[in-house]
Structure formats: C-alpha cells, structure tokens
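Listed here are the chains, written in short residue letters.
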There are 2 protein chains.
Amino acid sequence: MPDPLRFSVEDLNDYIVRFFTRLGVSPTDAQTAARVILAADLRGVDSHGIIRLHSYYGSRLLNGTINPQTAIKVLRETPVTLALDGGNGLGQVVGEYAMRRCIEKARANAIGMVTVRCSNHYGIAGYYAMMALEHNLIGVSFTNSQPLVAPTYGRTRLLGTNPIAVAVPAGKHLPYVLDMATSIVPIGRIAVYEKMGQPVPLGWGLDENGVPTSDPHAIQNGGALFPLGGPAETRGYKGYGLSLLVDLFCGVLAGAAIGPEVGDPSNQIPGANVGHFFAAIDISAFRDPQEFQHEMDRYIELLKKAPKAVGEERIYIHGEKEFEMAEVNQREGIPLLPAVVDSLREAGALVGEPFDLQPLP
Amino acid sequence: MPDPLRFSVEDLNDYIVRFFTRLGVSPTDAQTAARVILAADLRGVDSHGIIRLHSYYGSRLLNGTINPQTAIKVLRETPVTLALDGGNGLGQVVGEYAMRRCIEKARANAIGMVTVRCSNHYGIAGYYAMMALEHNLIGVSFTNSQPLVAPTYGRTRLLGTNPIAVAVPAGKHLPYVLDMATSIVPIGRIAVYEKMGQPVPLGWGLDENGVPTSDPHAIQNGGALFPLGGPAETRGYKGYGLSLLVDLFCGVLAGAAIGPEVGDPSNQIPGANVGHFFAAIDISAFRDPQEFQHEMDRYIELLKKAPKAVGEERIYIHGEKEFEMAEVNQREGIPLLPAVVDSLREAGALVGEPFDLQPLP
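Computed from a prediction, not measured in an experiment: that's the story for all the values here.

Concerning the overall build of chain A
- Within chain A, the regular secondary structure consists of 11 helices and 12 strands.
- Taken along its principal axes, the extent of the C-alpha atoms in chain A is 55 × 50 × 50 Å.
- Residues counted as buried form 59% of the 361 residues belonging to chain A.
- When contacts within chain A are restricted to residue pairs at least 6 apart in sequence, those whose partners lie at least 24 apart make up 65%.
- Only carbon and sulfur atoms are counted for the fraction: they give 53% of the accessible area of chain A, which is about 13600 Å².
- Put simply, chain A has 30 plus and 38 minus side-chain charges, and the middle of one group is 3 Å from the middle of the other.

In structure tokens:
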C-alpha cells in the first residue's frame, strides 16, 4: 500500500465548500456538510469522510436525487418532540438542524427527541450525538441506511448497518462516545479483504445461500453481512434486534423508508428517503451535573486501571482512540491515499471544481 | 434430564404472594412481585423466574438486605422526567411504579424518562418495556446488575450483563420486544455446560488471564463473560460499549452503584443499590399512530416473507418465540424441574410458608 499524502484540514474544508457551492448548495449548508465530512476523516473513520464526496453526495446532487436547497418542514411538534421532513436535502444539513433543535428542547424542557424523514446519508452518526456534549447534555443519534445485513436465518440484504451513536460527557476525562454500526463490520471492510486477496474471518458475512463464508467475493456478490454477534449460535439475533430497533425509530416512527426500501430507486418519494432519530437529555433533570461528572471520571478511571488480559496494555473507553486520532490529524493533516486523491481529481473535473490542493510537505 | 412438572399459573401466583407477605411485604407489593416473576416463567426466561424466589429475593428479605416495605422517594421531577430513590425495596415493586409514572408522563407530555437508584434485581427488563404496549407507547427499560463481564482487553468482572429492553407496538401482528443481555450469554448458560461436562463455544468467556477459553469451569472461577460480539476481533468492543452505556444511564445518571460496585456488600448504601432507567414515547408525537401500526405490520411481513438461509424455515421478530411460549405455559402450566420444586420446598420451609402446590395432572 502506498503512503498516504497529508492535506491540511483548512484546505480540505475550503475545497469541499467550493465543491458543494458549485453544485448549487448555499455557502452555509456547504460549510455544514464540509464540517461533518471532515469530522469523519479527522476521527479516522475514513469510510465516511471525503472519500464519499462524489459517490454519496456530488453524483447525487448532479443527477438530481439530492436537492441542493434543503427545505426542511416541521410535521409535528411538542415542547420535547419534533418530527421533520428533510425535503430530500443533504443529510448533514438536515441532521445538524435536527440535532440543534433537539438540543434546544432538552435545554428548555429536559429532553428533546427528533425524527427526520426524507433525508439522505448524513455521514458519521457520532457527529450529531457529540453536538450535545458542548451543552453538557447526553446526545443520541441513529440513522437507517441502504440494506446490507441479513436478519438471523435469512439470506438477503434487508437491513442497513444502522448505527447507534451515544455521547455522554465526563469531567476531566474525554467523554464516552459510542458510534457503532449494528452490523459486525462495514461492507467496505469486506472489500479491503478482497483487494488483499485474503479470506475474511468466518462469521462476518454469508453467501447467497445464507451460509457463513470467508470468501469476500461471495459476501459482496449475492451475499450479505451478519449483524453484530454473527450467526445465531454466537447471538447474532441480538445484533439483528438492534439493527431492526434503529430502523423502527428511523424508518417506521419517522415515516421514512424501511429496510430494503431505503435508497431504492423505485420509491415513490424521490431520493433515498433515509430516516434519522435524535435525542438529547439534560443531566440536571436526574442528578447534580457536577456529581455526574465526578462519577463519570471515577468510572473511567476504574475501567482504565483494571487488570489487563495477558498481552494487552490498555483498556479503552469508547471514542478515546478517535479523539487521539483527531488530534494527530488536526496537527499533521488528514491522510489520503493517492488513489483517493485521484478520485477527488476526477470528481472535481466532472463537477467543474478542480481539486487543486497540494499535500503538506 | 428428568421431565418437568407443570404448575398452574394461578397456584404459583398465590404461592409467591403468600411467600412475600410472610416476609413482611404488603399484599399489593407481593402481587406485583409475583406478576413480574411469573412473566419470566411464562415467557420461558426461567433464569429470571420463580427459580430465583429465594436466592434473589427471599434470602435478602430474610437477612435485611432488601426492605420489605418499599418507600420510594422522588428526588427530581419535571413534566417529562423523574428521578427516584427505590428505598432498597423489591426491584419489581420499584420498577413497576417507575414505569407506571413514566407512562403517565409520556401520555401527558409525549415522553417520559425515569431513573431509579437504590433498587434491587427487578426480574426481566422486558416486563417494564412491555407495560408501555397497553397504552400504544414505545417502552424502554435498562438495568445494571452484578459484575460478570470483562471489558475488551480486560480480564476481570467489571460490568453486569446489563440488559436492554425495548417494546414497540404493531397493528395486527405481535409487537416487537427486544430483551437482550449485553453479554454474549448469561452466566447460567456457562453453568449448564459445566453440569453437562461439555466445553462452551470459544468466544463466550475468558479465563483468569483474559484468554478466551472453552472451559466452563475456568470462566466461572476467576474468569468472566465476553460482551456481545466476543473478543475484539469479532467486535466485542461494541457489546462492551452497550453494556457500559446501560450502566452510564442506570448507574451514573441514576446515581446508583456502578460497574463492580453493584451489589458489593462493602457499599456505603445498604443493599445492592441497583439502578434502572425507563423511557416511554408517544408515537402520535411523531406520526399518525394508525399509519405507524400499518407500517410496523408491513415491516414484520416483509421480514417474515424474506428468503431463508438454507436449512432454515422461519425468520423471527424479537419477542415472538416468547409470546408463543407464554400462550403454551398459560394453558398447560409452568414447567418446573423436580430440582427447582425441591428448592422451593426448602425455601418455603425456611420462610415458614410451605410450598404445598400439586403439579397439574
């Protein structure tokens, strides 16, 4: 694998904003989308970062399956709840608006819960959950996504990798930020093994007959991913239950597409009709926030100081690795493989916004 | 294994009520505890049913580590939130009260969220989530529990099997009821393998060095359970994240004991200081409830009609097996192994409330 080139975060941000505005997105909305996309690259979740600029967003703005102008509609509202229609806009723009409204409600009335229908891929779920941290709230963010996962005892792709993200503030320590797909691995992980010509561990995916396989080609062609837990014997029905849960909130409750219909071009509603769910919780409704922070810190220390398994040196809290990675990438620049840079150049040419950035020396 | 004897649900209910009232519990509270305990046996979750009558409840009422009189205190309250102190009463009594208040808040103000500290083992988490179904609400119930699970890269028992239960009503179909431990299996499952003299599947538990083992004795003596997902390679850090999440809500937010301190006799607060978290959501705050029901039914049908893996005949929705089991057990009586009946006889003699029930013919 060739070495990655590093680009400054500011340069990439400027470029993404130019890219989106060229496609008819307003400068403010383009800034939002850039911020969410680069949050993924910063945190080392490359799969949801700038690598998707064209495939998830640019190409869909070009062919009209995403609206560049995001016209969000309020469907229902109470002091603690809000149901939104995202108007088939950019998922990041819709998502950030929804979570901001959710936070306002939690600050005013202890809890906020917001559903969104008619949205699109919104990047990393964790971004929205983490928005709550600045306000010392607990944040929650779910989204459904295009089908890749088979339900237990099934063999076709019916469920998305439907992530669950929850952010909980601590005191002097880094916050807890869980941001997990409910599939065992992302589909991109399988592609990486195929490119390397290596078998995947048994239990990650199944073939077209629903049989667990270590052949990445079979999983990608006619097969499907297993939910967290793998096959039934290793309790994959729990992961299936969590994936379905996310879709009951994001698809059914929000009134968006469900299961295999997410992103299906035969949908009556134009666009992917992705659904999201957000929640924010005011800690002070339950407990003195200072006591809460102190107890979070104590818990984190208790976990980190605990005896390690033989050969291991560190117990992690969720989000910790990503915060460390973001610090490095902010300082040293975001690493992009030459092939990714090439694809950005191609996309930039297509869109009429040449990717002209120079890597850092 | 000898055949189980079947006892009528009504007889067992009467007996449990007599057992608890003999120990100083009020008749109303005894009825509540009996109802929750038998809900487990009815649904086939024997591990949380009458088999625990003495070990989890009777013995602790006898030695004073659970208060027979449940004096619940309100710590904080808003129209949508409530923080309770369970007064070290029976977990079922505290839990049912908390979820009832949670439902009232959701009916009045769209959402209810309730935390509880100073409680005890409350039986199956799913019972409380399902209470929401009668009101056509979505119900959520978490509890922390005594430590049995090692965090990823750790080797000691720091986290409980901390279950997640969520109930979502459907229309003509059975509701979705997820009720899952965030450990890969319950500790009782390991004991069953040891009794049978068989190895457990690799990935269920680890030995005192933190190394995955198939030896049930090593897991039970100095070892620990893996979280859902197993070791890190199969994404056990997601299960660890979910287990910790439950404890951040039930332990830290509620102000109850955390991690290894749940049920620790050296706690400053008498009793196990178990924490619970409940939520209820009014569907109509987000979407027309009839549309919601229709879409739930459509989703359930879509999953059930999907192609099956080779050799499989049925895709299940969460809770479905348990509803079917409850119908059988309600009609035919609850099956108890002779050894369980013996243990009930012993406990009854100790408590002064002889277990005098006759099995059904």
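A short note on the domain arrangement of chain A
Residue and element names in this part refer to chain A.
- Here chain A is described as being made up of domain 1 (1–63 + 333–361), domain 2 (70–184 + 233–305) and domain 3 (187–225).
- On a C-alpha basis, the centroid separation for the pair domain 1 and domain 2 is 24 Å.
- Listed by partner, the interface residues are 17 residues for domain 1 and 14 residues for domain 2.
- Summing both partners gives a buried area of about 1300 Å² for domain 1 against domain 2, and 69% of it is carried by carbon and sulfur.
- Taken as a group, Val36, Arg43 and Tyr57 account for 37% of the area that domain 1 buries against domain 2, more than any other trio of residues on that side.
- The interface formed by domain 1 and domain 2 contains 1 salt bridge.
- Residues Glu96 and Arg35 are paired through a salt bridge, measuring 2.9 Å at the closest nitrogen-oxygen approach.
- Viewed at the interface, domain 2 and domain 1 are joined by 4 residue pairs in polar contact (both at pLDDT 80 or more).
- Secondary-structure elements contributing two or more residues to the side of domain 1 that touches domain 2 are helix 2 (27–42) and helix 3 (53–62).

A look at the interface of chain A and chain B
- Contact residues are listed per partner, giving 83 residues for chain A and 83 residues for chain B.
- For the pair chain A and chain B, the summed buried area comes to about 7200 Å², and 71% of that belongs to carbon and sulfur atoms.
- When the area that chain A buries against chain B is broken down by residue, the three leading residues are A:Tyr153, A:Phe286 and A:Tyr299, summing to 12%.
- Across the contact surface, chain A and chain B share 2 salt bridges.
- Of the charged contacts, one joins A:Glu261 and B:Arg298 as a salt bridge, the two residues approaching to 2.8 Å between their closest N and O atoms.
- In this structure, the connection of chain A to chain B is made through 31 residue pairs in polar contact (both at pLDDT 80 or more).
- When residues of the side of chain A that touches chain B are traced back to their parent elements, those giving at least two are strand 3 (81–85), strand 4 (111–119), strand 6 (164–168), strand 7 (176–180), helix 8 (236–253) and helix 9 (289–305) of chain A.

Description of the relation of the copies chain A and chain B
- After a rotation of 180 degrees and a shift along the axis of 0.0 Å, chain A superposes on chain B with an RMSD of 0.0 Å. Seen this way, the second copy is the image of the first under a two-fold rotation axis. Nearest to the rotation axis, the C-alpha of A:Gly229 is located 2.3 Å from it, this being the minimum over chain A.
- Comparing contact sets, 100% of the residues at the interface of chain A also lie at the interface in chain B, consistent with an isologous, same-surface contact.

Considering the side chain of B:Glu295
- Along the chain, B:Glu295 falls in helix 9 (residues 289–304).
- On the basis of relative accessibility, which here comes to 10%, the residue B:Glu295 falls in the buried class.
- Side chain to side chain, B:Glu295 and B:Arg298 meet in a polar contact 3.1 Å long.
- The residues touching B:Glu295, leaving out its near neighbours within four places in the chain, are A:Val252, A:Ala256, A:Ile258 and B:Arg287.

Focus: unusual backbone geometry
- The phi dihedral of A:Asn136 is positive, around 60 degrees, even though this residue is not glycine.
- As for its placement among the helices and strands, A:Asn136 is situated in the loop between helix 5 (125–131) and strand 5 (137–143).
- What makes A:Asn136 partly exposed here is its relative accessible area of 25%.
- Although it is not a glycine, B:Arg235 sits at a positive phi angle of roughly 70 degrees.
- Structurally, B:Arg235 is set in the loop between strand 10 (224–225) and helix 8 (236–253).

Structural notes on the packing of helix 8 of chain A against helix 9 of chain B
- At their nearest, the axes of helix 8 of chain A and helix 9 of chain B sit 11 Å apart, and the two run at 145 degrees to each other. The crossing of helix 8 of chain A and helix 9 of chain B is right-handed. Residues A:Tyr240, A:Leu244, A:Asp247, A:Leu248, A:Val252 and A:Leu253 of helix 8 of chain A touch helix 9 of chain B, and the partners they reach there are B:Phe292, B:Glu295, B:Met296, B:Tyr299 and B:Leu303.
- Partitioned by chemical class, the residues of the contact of helix 8 of chain A with helix 9 of chain B number 9 nonpolar, no polar and 2 charged.

Observations regarding the side chain of A:Asn144
Residue and element names in this part refer to chain A.
- The topology assignment puts Asn144 in the loop between strand 5 and strand 6.
- In terms of polar contacts, Asn144 uses its side chain to reach the backbone carbonyl oxygen of Ala257, at 3.0 Å.
- Separated by 2.9 Å, the side chain of Asn144 and the backbone nitrogen of Gly275 make a polar contact.
- For Asn144, the residues in contact, after removing those within four places along its chain, are Asn162, Val246, Asp247, Cys250, Gly251, Ala257, Val262, Val274 and Gly275.

Here we look at the packing of aromatic side chains
- Tallied over the entire structure, the rule returns 30 aromatic pairs over all chains.
- Judged by centre distance (5.2 Å) and plane angle (80 degrees), the rings of A:Tyr127 and A:Tyr128 are edge-to-face.
- Residue classification places A:Tyr127 among the buried residues on the basis of a relative accessible area of 14%.
- Chaining the aromatic ring pairs together yields one cluster made of A:Phe7, A:Tyr15, A:Phe19, A:Phe20, A:Tyr56, A:Tyr57 and A:Phe355.
- If you follow A:Lys321 out to its NZ or CZ, it ends over the ring of A:Tyr316, 4.5 Å from the centre.
- We note B:Arg43 situated over the ring of B:Phe323; from NZ or CZ to the ring centre the distance is 4.5 Å.

Here's the deal with the pattern of salt bridges
- The final tally for this structure, using the stated rule, is 36 salt bridges over all chains.
- A salt bridge links A:Arg298 to A:Glu295; the nearest nitrogen and oxygen atoms lie 3.0 Å apart. Of this pair, A:Arg298 and A:Glu295 both sit in helix 9, 3 residues apart, which is roughly one turn of that helix.
- Taking the relative accessible area as the measure of exposure, A:Arg298 reaches 30% and is therefore partly exposed.
- The shortest N-O distance in the salt bridge between B:Arg101 and B:Glu77 comes to 2.7 Å. Taken together, the residues span a long stretch of sequence, with B:Arg101 in helix 4 (residues 91–109) and B:Glu77 in strand 2 (residues 73–77) at a distance of 24 residues.
- The class of B:Glu77 is partly exposed, set by a relative accessible area of 42%.

Cut-offs used in this document
Residues numbered from 1 in each chain as written. Chains lettered and ligands numbered in written order. Predicted model: local features only at pLDDT ≥ 70, side-chain atom pairs only at ≥ 80, totals over all residues. Heavy atoms only, no water. Helix = DSSP H or I, 4+ residues; strand = E, 2+ residues; numbered from the N terminus. Buried < 20%, exposed > 50% of the residue type's maximum accessible area, 1.4 Å probe, protein only. Contact = heavy atoms within 4.5 Å. Areas by Shrake-Rupley, 256 points an atom, 1.4 Å probe, with all protein chains shown as cover. Lys, Arg positive; Asp, Glu negative; His and termini not counted. Charge placed at Lys NZ, Arg CZ, Asp CG, Glu CD. Domains from an automatic or database assignment. Buried area = accessible area lost by both parts, 1.4 Å probe. Salt bridge = Lys/Arg side-chain N within 4 Å of Asp/Glu carboxyl O. Polar contact = N/O pair within 3.5 Å; in protein donor to acceptor, adjacent residues only side chain to side chain. Least-squares fit on C-alpha atoms with pLDDT ≥ 70 in both. Axes fitted to C-alpha atoms, helices over the stretch in contact; angles between N-to-C directions. Left-handed = near helix turned anticlockwise from the far one by under 90°. Nonpolar A, V, L, I, M, F, W, Y, C, P; charged D, E, K, R; others polar. Phe/Tyr/Trp six-rings, centres within 6.5 Å; stacked < 30°, edge-to-face > 60°. Lys NZ or Arg CZ within 6 Å of the ring centre and 35° of its normal.

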